Amino acid sequence: MPSSFHRLTISNLSAHAAQQVGMAAAPLIAVTALHADVGQTAWIQLAQMLPFLLLSIPAGVLADRVSRKWLMRSGETLRALSLLCVPFIVMMGAMNIPFLALLGFIGSMGALAYSVSVSALIQGLVSRDVLPIANGRLELTRSIAFIGGPALAGALVAWTGVNQAFMLAATLSVAAIVLLSGIPEAPRGDAPRRHFIAELVEGGRFALQHPLLRPAFGLSVVFNTAFFILQTVFMPYAVTRLNMNAAQIGVTLSMYGIGMVTAGFCVPWMVRRMSMGQMLAGGSMAGLVAVLALLVTLWHPAHWLAGLCFFVLGGGPVLWTVSFTTLRQLITPDELMGRVTSINSLATYGSRPLGAALAGVIGTAFGMEACLYVVTGIFTLEVVLLWMSPLPWLDAQKLKNPQGR
């Protein structure tokens, strides 16, 4: 791998660590300093997720119009400023829940700008043959940030106060910006500038009419809907049915991150021994395997089964993400890459509030056990749709990139 790719990898780690520290610290300051209740904390978390739902597609159009590296640096700058505002407003004694939610929304806008551009930027740094391994390394850094960020934020808030957590997150964002400065960006031809809506429709048409991208996006929606039903219902289920205490729940949830990192380390080995289709199939089927392990706890309430469920839920999607990112890079024209990536963000993040809402409705009406059966049914549907699609039989070596890569 070239040194420029290593710089991008470290920048990616810094950017995701900043995101995770900031997203974890905001609810902590809301509870510890502002005495927020559950509803107010939920509003803050919703504000942090809204940009991915509302602005993914416009961000993708922008990524196809301007320099992607410039967009990533601008996004990180916006996030760093939003993070620095928190300790300043706290010191002024003016912090409140609406301020915290607004700054979380602005910071996530910066995170979105970075994420819709990084997969396009990487294509100019490495050759086609090593794209899966390169994507695996980026996913590994994201997994490490996913594990370490919340823990670091919690430790800083507990030991030194809230200001230091946000200062650290801002420093990480600045580090991501600095690292991007030494990365070259492949030149793009001057495409005719058209109306914003026309460009948006063009990207959507390509993604939704392509015989490989369309089923993959559909599977992403199905998986994430089921995943968030499961995630929403697990906490009350663990307490009331599995008799788990807070420490045991924490250990169980940490298995999700351990699964992510384990899969990230195994990606290079798997790329050499498995086809793209096999990795896509394995990642997609992980949800059904995971929920079946948790379903057994209805009759045998063993804590290790819950841990196994989250370990598989963490590891399987890494295989899917690496393979699907590589697939998009190989078949999407460069001038559409930002828009296609943004549609993936919308499919992934937009379905998560739907899953949480379904969990609330089903759990209230029929109980937590019904939610587990519904999740099992949805993941089963996903597996059926997977094997009805051409995805399990894909071979990356036979795919042709529109740019001839």
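Residues numbered from 1 in each chain as written. Predicted model: local features only at pLDDT ≥ 70, side-chain atom pairs only at ≥ 80, totals over all residues. Heavy atoms only, no water.

### Focus on the pattern of salt bridges
What the rule picks out here adds up to eight salt bridges. A salt bridge links Arg 68 to Asp 334; the shortest N-O distance between them is 3.1 Å. Separated by 266 residues along the polypeptide, Arg 68 in helix α4 (residues 68–92) and Asp 334 in the loop between α12 (303–331) and α13 (337–366) bring together distant segments of the chain. The partner of Glu 369 in a salt bridge is Arg 241, and the shortest N-O contact between them spans 2.3 Å. Taken together, the residues span a long stretch of sequence, with Glu 369 in helix α14 (residues 368–388) and Arg 241 in the loop between α9 (213–240) and α10 (246–273) at a distance of 128 residues. On the basis of relative accessibility, which here comes to 24%, the residue Glu 369 falls in the partly exposed class. For Arg 241, a relative accessible area of 31% corresponds to the partly exposed category. Within the structure, one salt-bridge network assembled from shared partners comprises Asp 64, Arg 68, Glu 202, Asp 334 and Arg 339. (Salt bridge = Lys/Arg side-chain N within 4 Å of Asp/Glu carboxyl O. Helix = DSSP H or I, 4+ residues; strand = E, 2+ residues; numbered from the N terminus. Buried < 20%, exposed > 50% of the residue type's maximum accessible area, 1.4 Å probe, protein only.)

### A short note on α9
In an α-helix, one turn spans 3.6 residues; hence positions three or four apart end up facing the same way. End to end, α9 covers 41 Å across 28 residues, agreeing with the expected 40 Å (1.5 Å per residue, within 8%). Within α9, the axis deviates most sharply at Phe 234, by approximately 40 degrees, and proline Pro 236 lies no more than four positions further along. (Expected span 1.5 Å × (residues − 1). Bend = angle between axes of the 7 residues up to and from the residue.)

### Side note on the packing of α9 against helix α11 (residues 276–295)
Closest axis-to-axis distance for the α9/α11 pair is 11 Å, and the angle between their directions is 25 degrees. Compared by their axis directions, α9 and α11 come out roughly parallel. Both α9 and α11 take part in a crossing whose hand is left-handed. Seen from α9, the contacting residues are Leu 219, Phe 223, Leu 230, Phe 234 and Tyr 237; seen from α11, they are Gly 283, Ser 284, Gly 287 and Leu 294. Residue composition of the contact of α9 with α11, grouped by class: six nonpolar, three polar and no charged. (Axes fitted to C-alpha atoms, helices over the stretch in contact; angles between N-to-C directions. Parallel < 35°, antiparallel > 145°, perpendicular 65-115°, else oblique. Left-handed = near helix turned anticlockwise from the far one by under 90°. Contact = heavy atoms within 4.5 Å. Nonpolar A, V, L, I, M, F, W, Y, C, P; charged D, E, K, R; others polar.)

### Comments concerning the confidence of the model for the protein
Looking at the protein as a whole, the pLDDT averages 84, with 92% of positions reaching at least 70. Ranking the elements of the protein by mean pLDDT puts helix α2 (residues 38–54) last, at 74, and α14 first, at 94. (pLDDT = per-residue confidence, 0-100.)

### Things to note about the packing of aromatic side chains
Evaluated as defined, the whole model comprises eight aromatic pairs. Each ring, one from Phe 227 and one from Tyr 256, has its centre 5.8 Å from the other, and the planes form 20 degrees; the classification is stacked. In this pair, Phe 227 sits in helix α9 while Tyr 256 sits in helix α10, placing the two residues 29 residues apart along the sequence. On the basis of relative accessibility, which here comes to 5%, the residue Phe 227 falls in the buried class. Residue Tyr 256 is classed as buried on the basis of its relative accessible area, which comes to 15%. Chaining the aromatic ring pairs together yields one cluster made of Phe 223, Phe 227, Phe 228, Tyr 256 and Phe 379. One residue, Arg 328, lies across the ring of Phe 324, its end atom 4.9 Å from the ring centre. (Phe/Tyr/Trp six-rings, centres within 6.5 Å; stacked < 30°, edge-to-face > 60°. Lys NZ or Arg CZ within 6 Å of the ring centre and 35° of its normal.)

### Here's the deal with the environment of Gly 204
Mapped onto the secondary structure, Gly 204 falls in helix α8 (residues 196–209). Its relative accessible area of 18% is what places Gly 204 among the buried residues. Along the primary structure Gly 204 and Thr 326 are separated by 122 residues, whereas in three dimensions their C-alpha atoms are 19 Å apart.

### Details of α13
The terminal C-alpha atoms of α13 lie 43 Å apart, and with 30 residues this matches the ideal 44 Å at 1.5 Å per residue to within 8%. Looking at the residues trailing α13, positive phi occurs at Gly 367, about 105 degrees.

### Let's talk about the side chain of Ser 56
By the secondary structure assignment, Ser 56 is in helix α3 (residues 56–65). Here Ser 56 falls in the buried class, since its relative accessible area comes to 0%. A polar side-chain atom of Ser 56 sits 2.3 Å from the main-chain carbonyl oxygen of Phe 52. In this structure Ser 56 touches Pro 51, Leu 112, Ser 342, Ser 345 and Leu 346, once residues within four positions along its chain are discounted. (Polar contact = N/O pair within 3.5 Å; in protein donor to acceptor, adjacent residues only side chain to side chain.)

### Topic: the state of the cysteines
Applying the stated criterion across every chain yields a total of zero disulfides. Between Cys 266, a cysteine without a disulfide, and Cys 309, which holds the nearest cysteine sulfur, the sulfur-to-sulfur distance is 19 Å. Note on Cys 266: relative accessible area 29%, which makes it partly exposed. (Disulfide = S-S within 2.5 Å.)

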